[in-house]
Amino acid sequence: MLNSKKTNILLAMAGAAVLMASTPVLAQAPAEPAPAAETAMAPAAPAAAAPEADPASVGEAVGGGHGGGITPISMFMEATVVVKVVMAGLLLASIFSWTLLLIKLFEFGALNRKTDSFLENFRGARTIADMKAIATAEEYEGNPLADMAAAATEEVDLSRQAGLSVTGEHRHDTLARAQAAVTAVQAGLAKRISGGQQFLASVGSSGPFVGLFGTVYGIMNSFIGIAESNTTNLAVVAPGIAEALLATGIGLFAAIPAVIFYNYFNTRIAAYGTRADGFNAELINGISRQLDKGA
């Protein structure tokens, strides 16, 4: 009896233990430390982000705000004073270059037409007096070749008026004086027809560097604004950099046509100089023939 009672007590205790273990509360009890472990494994909360700089204030710091879309005009208006001066100067230089192009095109066109007409009439002259009359005609006033012919024939007349013999054994002296008079006129030919070339050369050679100066200054100012605003947001800093780069673009816009015009007009000037050299020989030969004829 005693043994059976002990056995019943043990079975009752074992059943109670099984019931206690199967209850939800006791089953979850060992899992209570889990939240602590998860908290330890979870990443630390991010630090508070630095406040983002106000785009409007940054825009002012790097070269001005841009309320609307970015255009060349808006970039010019929002640029700093130095960059504005650079861009305005380059734009004026470009305008003068194009104006000079039109003036010189008309000038060379008129010069060649007048020269063609003069040569046609000059080659029909029969005496030195006829040469002088054609060269000093009002319609050919200012023409370089007409001035050369006028100088040579005037020197022959001056020699005659001085009582010098212009034919015979003194013929070579007369031709030498006529040639000297023509050379004096021809020496100023390049200067007369090359007006404006120095300006085109200056714009073509210095335009890109002037624009680069504006770009360097503008970018420097933009980076100073970036440093002061503590932001590298491209949408904020890009307008100021674009304004600076616009200066280089305008410099190239002014310089490239100036270089092209300079080379083009240099070719025209050289061609007219060659034409003047040929006329020089033609003029002296014509005077020499007339002197041989005793005219």
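What counts, and at which threshold
Residues numbered from 1 in each chain as written. Predicted model: local features only at pLDDT ≥ 70, side-chain atom pairs only at ≥ 80, totals over all residues. Heavy atoms only, no water. Helix = DSSP H or I, 4+ residues; strand = E, 2+ residues; numbered from the N terminus. Buried < 20%, exposed > 50% of the residue type's maximum accessible area, 1.4 Å probe, protein only. Contact = heavy atoms within 4.5 Å. Expected span 1.5 Å × (residues − 1). Polar contact = N/O pair within 3.5 Å; in protein donor to acceptor, adjacent residues only side chain to side chain. Core = buried A, V, L, I, M, F, W, Y, C linked by side-chain atoms within 4.5 Å. Phe/Tyr/Trp six-rings, centres within 6.5 Å; stacked < 30°, edge-to-face > 60°. pLDDT = per-residue confidence, 0-100. Salt bridge = Lys/Arg side-chain N within 4 Å of Asp/Glu carboxyl O. Patch = residues over 30% accessible without salt bridge, like charges linked within 9 Å, V, L, I, M, F, W, Y side chains within 5 Å. Areas by Shrake-Rupley, 256 points an atom, 1.4 Å probe, with all protein chains shown as cover. Axes fitted to C-alpha atoms, helices over the stretch in contact; angles between N-to-C directions. Parallel < 35°, antiparallel > 145°, perpendicular 65-115°, else oblique. Left-handed = near helix turned anticlockwise from the far one by under 90°. Nonpolar A, V, L, I, M, F, W, Y, C, P; charged D, E, K, R; others polar.

1. Some points on the overall build of the protein
Link 1 in the chain: Regarding its fold elements, the protein presents twelve helices and zero strands.
Link 2 in the chain: In sequence order, the protein lays out its α and β elements as α-α-α-α-α-α-α-α-α-α-α-α.
Link 3 in the chain: Within the protein, the fraction of its 295 residues that count as buried is 33%.
Link 4 in the chain: When contacts within the protein are restricted to residue pairs at least 6 apart in sequence, those whose partners lie at least 24 apart make up 82%.

2. Topic: the environment of Y272
Link 1 in the chain: Structurally, Y272 is set in helix α12 (residues 234-292).
Link 2 in the chain: In this structure the C-alpha to C-alpha distance between Y272 and L145, which are 127 residues apart in sequence, comes to 10.0 Å.
Link 3 in the chain: In this structure Y272 touches L111, N112, T115, N143, P144, L145, L189 and I193, once residues within four positions along its chain are discounted.

3. Describing helix α8 (residues 144-161)
Link 1 in the chain: The first and last C-alpha atoms of α8 sit 26 Å apart over 18 residues, in line with the 26 Å expected at 1.5 Å per residue.
Link 2 in the chain: Those residues of α8 not exposed but buried are P144, L145, A146, M148, A149, A150, A151, A152, T153, V156, D157 and S159.
Link 3 in the chain: Capping the start of α8, N143 holds a side-chain oxygen 3.1 Å from the backbone nitrogen of L145, two or three residues further along.
Link 4 in the chain: The first or second residue beyond α8 is G163, which carries a positive phi of 80 degrees.

4. Re the nonpolar core
Link 1 in the chain: Core analysis: the biggest nonpolar cluster contains 41 residues, and F118, F122, L145, A149, F279, L283 and I287 have the highest contact counts within it.
Link 2 in the chain: Ranked by the residues each element gives to this core, the list is headed by α12, at twelve residues.
Link 3 in the chain: Once you skip the residues sitting within four places of it in the chain, F279 turns out to touch F118, L119, F122, L145, M148 and A149.

5. A word on the packing of aromatic side chains
Link 1 in the chain: Here the structure, examined in full by the defined rule, presents eight aromatic pairs.
Link 2 in the chain: With 6.3 Å between their ring centres and 65 degrees between their planes, F96 and F199 make a pair best called edge-to-face. Within this pair, whereas F96 is found in helix α6 (residues 81-122), its partner F199 is found in helix α11 (residues 197-229), the two being separated by 103 residues in sequence.
Link 3 in the chain: Residue F199 is classed as partly exposed on the basis of its relative accessible area, which comes to 32%.
Link 4 in the chain: Considering the side-chain rings of W98 and F261, the 5.1 Å spacing of their centres and the 80 degrees angle between planes classify their relative orientation as edge-to-face. Within this pair, whereas W98 is found in helix α6, its partner F261 is found in helix α12, the two being separated by 163 residues in sequence.
Link 5 in the chain: Judged by relative accessible area, W98 falls into the partly exposed class, the value being 41%.
Link 6 in the chain: Its relative accessible area of 9% is what places F261 among the buried residues.
Link 7 in the chain: Grouping aromatic residues by their ring pairs yields a cluster made of F118, F122, Y140 and F279.

6. Some remarks on the confidence of the model for the protein
Link 1 in the chain: Looking at the protein, the pLDDT average stands at 77 and 73% of residues meet or exceed 70.
Link 2 in the chain: Every residue in residues 16-53 scores below 50 in pLDDT, and together they form seven contacts with partners more than four places removed in sequence or on other chains.
Link 3 in the chain: Across residues 55-68, where pLDDT falls below 50, the model places 26 contacts with residues more than four positions away in sequence or in other chains.

7. Brief notes about the pattern of salt bridges
Link 1 in the chain: Throughout the structure, instances matching the rule amount to six salt bridges.
Link 2 in the chain: As a salt-bridge pair, R275 and D116 come within 2.2 Å of each other at their nearest N and O atoms. Here D116 lies in helix α6 and R275 lies in helix α12, a separation of 159 residues in the sequence.
Link 3 in the chain: By relative accessible area, D116 is classed as partly exposed at 40%.
Link 4 in the chain: Among the ionic pairs, E282 bridges to R123, the shortest N-O distance being 2.8 Å.

8. Topic: a nonpolar patch on the surface
Link 1 in the chain: A grouping of L92, I95, F96 and F199 is seen on the molecular surface, where their side chains present a nonpolar patch of about 390 Å² in accessible area.
Link 2 in the chain: Of the residues forming the nonpolar patch, the biggest block, three residues, is contributed by α6.
Link 3 in the chain: L92 gets classed as partly exposed once you look at its relative accessible area, which sits at 47%.

9. A closer look at the packing of α6 against α11
Link 1 in the chain: Relative orientation of the contacting elements α6 and α11 amounts to 160 degrees, with a least axis distance of 10 Å. Judged on the interaxial angle alone, α11 and α6 are roughly antiparallel. In this structure, α6 crosses over α11, and the sense of that crossing is left-handed. Each of V82, V83, V86, L90, A93, F96, S97, L100 and K104 in α6 lies in contact with α11, whose residues at this interface are Q197, F199, L200, V203, G207, V210, G211, F213, G214, Y217 and G218.
Link 2 in the chain: Here the residues of the contact of α6 with α11 are counted per class, giving 13 nonpolar, six polar and one charged.

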